[in-house]
Amino acid sequence: VLIVGAGLSGLSLARSLASRGVPFKLFDAWPESRRPGYSLTLHPASLSPLLETLRAEPATFRASVAVAGTGNLGGIVDALTGEPVGSATGGVPGSFRANRFRLREWLREGVEVRFDHKLVGLEAAGRFTSGGVIAKFENGESVEGCLLVGADGVHSTVRNIVFPTVRPSILSTVVYNGQRRIPRPGFDSNLGPHFYSHTYIIGLCGRGGASVLSVGINDISAERVDLSWTYSRPAQEGDDALHRPTRGIGEAREIPNALWEELSALGPLRPPFDAVADPELARGDRINHWLMRSVRISREELAERAAGNAPVVLVGDAAHAMPIFRGEGGNHALLDGVELADAIAQHGAGSDALRVFYERATPRWEVSI
Ligand SMILES: Cc1cc2nc3c(=O)[nH]c(=O)nc-3n(C[C@H](O)[C@H](O)[C@H](O)COP(=O)(O)OP(=O)(O)OC[C@H]3O[C@@H](n4cnc5c(N)ncnc54)[C@H](O)[C@@H]3O)c2cc1C
């Protein structure tokens, strides 16, 4: 089994296949030194199958990957008054925030990742009785397998090759993310108490609560705290200086002045939201304009491509990218890996396994997309 992409879905699949003794090769375009720097909410419904498959103890797992040792999630509050208005997990008990880098390291345990392998092409192979696939990499290597898994994320090369007409839709939502590093002593005496032992809180502000400012701790050490904040709201009809759906990839760091004006107009906000929305402080942050992409491919189309002699299957964001707001994309990615490994272990690495996998997984994806 050739797995292209060593993100959450690719690593979950690799670990799950390894636990069942199914041979695989796992490739990633990036060098090993690249460090994912965000945190994400994990839910028990997606974690339990993974931890059961890997025979890992939930409490030990959480202690290894959780932000600040607990990953406790705060609630949704009115950022103007500080009054609680809801639960940040949709009421799911046991959900917590994981540091994305530590999660990757945990998932990588015992798995060989061939870094610096960027997939650029695919070909049908004839060596195996059921056909097979040849993966071609930018570094000139070609590798043959009986099945290829596209686990290469929202901008998937595998999807672009196999489903050339599928393009992610860009949603009418304004999203800006800022990353801020604060010395630990300053955090403890200033912002820290307003997190009330939580690592992630969501504040509703302005425009009848339609604007949202979330603040999370990505990582914490004795020296420093890495914070991440996200400002989002529905795009306005007509001219909206903050909604730039056609911007190029290289323009994500170009921040319109309208953002500073809008952040100023949100206040006066309660801590810690006031500190992240303060334009004077926010101007020093590493800010990106995020486009919310969504990918939906019908089960029939997926199954048709999986049935050929050179079977290819998509998992994770490659198959079903979704906006970040419900905190589900990574959870689906982890579960996809476990369920695909299940199907391969039971039906072999061919089209039968892929049909079984898609029958099980696509209804789950549909709900979230
Ligand atoms: C800031 C942020 C916050 C998020 N918060 C949450 C959350 O709270 N909860 C949640 O469930 N989800 C969350 N998500 C979404 C989640 O991170 C993604 O859904 C998840 O990472 C998707 O996993 P994946 O394996 O499909 O893709 P990725 O994890 O993106 O991995 C894809 C991998 O493929 C590699 N790759 C790409 N192209 C090629 C190629 N041509 N050849 C070889 N390798 C290639 C990439 O280098 C990458 O390592 C968040 C995402 C972001 C960005």
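So, how was this worked out
Residues numbered from 1 in each chain as written. Predicted model: local features only at pLDDT ≥ 70, side-chain atom pairs only at ≥ 80, totals over all residues. Heavy atoms only, no water. Helix = DSSP H or I, 4+ residues; strand = E, 2+ residues; numbered from the N terminus. Buried < 20%, exposed > 50% of the residue type's maximum accessible area, 1.4 Å probe, protein only. Contact = heavy atoms within 4.5 Å. Areas by Shrake-Rupley, 256 points an atom, 1.4 Å probe, with all protein chains shown as cover. Lys, Arg positive; Asp, Glu negative; His and termini not counted. Charge placed at Lys NZ, Arg CZ, Asp CG, Glu CD. Pairing = 2+ DSSP bridges. Salt bridge = Lys/Arg side-chain N within 4 Å of Asp/Glu carboxyl O. Phe/Tyr/Trp six-rings, centres within 6.5 Å; stacked < 30°, edge-to-face > 60°. Lys NZ or Arg CZ within 6 Å of the ring centre and 35° of its normal. Near = heavy atom within 4 Å. Polar contact = N/O pair within 3.5 Å; in protein donor to acceptor, adjacent residues only side chain to side chain. Axes fitted to C-alpha atoms, helices over the stretch in contact; angles between N-to-C directions.

Draft legend 1. A look at the overall build of the chain. Assigned secondary structure in the chain consists of 13 helices and 19 strands. Counting the 369 residues in the chain, one finds 51% classified as buried. Long-range contacts, defined as pairs at least 24 residues apart, comprise 70% of the intrachain contacts of the chain with a sequence gap of at least 6. Of the roughly 16400 Å² of accessible surface on the chain, a fraction of 50% belongs to carbon and sulfur atoms. If the 38 positive side-chain charges of the chain are averaged to one point and the 41 negative ones to another, these points end up 3 Å apart.

Draft legend 2. Summary view of the pairing of strand β5 (residues 84-87). With 3 bridges connecting them, strand β4 (residues 73-78) and β5 associate as antiparallel partners. Looking across to β5, one finds that Ile76 is bridged to Gly86. Counting the residues that bridge the hairpin from β4 to β5 gives 5 residues, and of these Gly82 lies at a positive phi of roughly 85 degrees.

Draft legend 3. Layout of the sheet that holds strand β19 (residues 312-314). What the 5 strands build is an open sheet, ordered β7-β2-β1-β11-β19; its pairing is parallel. Unpaired on one side and paired on the other, β7 (113-114) and β19 mark the two borders of the sheet. When strand β1 (residues 2-4) meets strand β11 (residues 148-150), the two strands line up parallel, connected through 3 bridges. Its bridge partner being in β11, Leu2 is matched across the sheet by Leu148.

Draft legend 4. Expanded view of the pattern of salt bridges. Considering all chains together, one arrives at 21 salt bridges under this definition. Note that Asp285 and Arg180 form a salt bridge whose closest N and O atoms lie 2.8 Å from each other. With Asp285 in the loop between α9 (279-282) and β17 (286-290) and Arg180 in strand β13 (residues 173-183), this residue pair connects regions lying 105 residues apart in the sequence. Because the salt bridges share partners, they merge into one network encompassing Arg20, Asp336, Glu339, Asp342, Arg360 and Arg364.

Draft legend 5. How the structure looks around the packing of aromatic side chains. Within the structure shown, the criterion is met by 7 aromatic pairs. With centroids separated by 5.5 Å and ring planes inclined at 45 degrees, the aromatic side chains of Phe357 and Tyr358 adopt a geometry described as tilted. Tyr358 matches Phe357 in its accessibility class, with the two residues each being buried. Three or more aromatic residues link up through ring pairs in this structure, and these residues are Phe61, Phe96 and Trp106. In this arrangement the basic side chain of Arg97 is found over the ring face of Tyr200, its NZ or CZ atom lying 3.9 Å from the centre.

Draft legend 6. Structural view of the site of the ligand. In the vicinity of the ligand lie 31 residues, with Ser9, Asp28, Trp30, Tyr38 and Asp317 positioned nearest. Taking Thr41, its main chain carries an N or O atom lying 2.8 Å from an oxygen atom of the ligand. Side-chain polar atom of Arg100 to an oxygen atom of the ligand: 3.2 Å apart, as the coordinates give it. In isolation the ligand offers 1000 Å² of accessible surface; the protein chains occlude 84% of this area. Listing elements by their share of the shell around the ligand, those giving two or more residues are α1 (8-19), β3 (39-42) and α12 (329-347).

Draft legend 7. Structural view of the sheet that holds β5. Spatial strand order, β5-β4-β14-β15-β16-β13-β17: 7 strands in an open sheet with mixed pairing. For this open sheet the edge positions go to β5 and β17, each flanked by a neighbour on one side alone. The sheet shows a mean angle of 20 degrees between the axes of neighbouring strands, direction not considered. The pairing of β13 with β17 spans 5 bridges and is classified as antiparallel. Residue pairing across strands places Tyr176 opposite His289, the latter belonging to β17.

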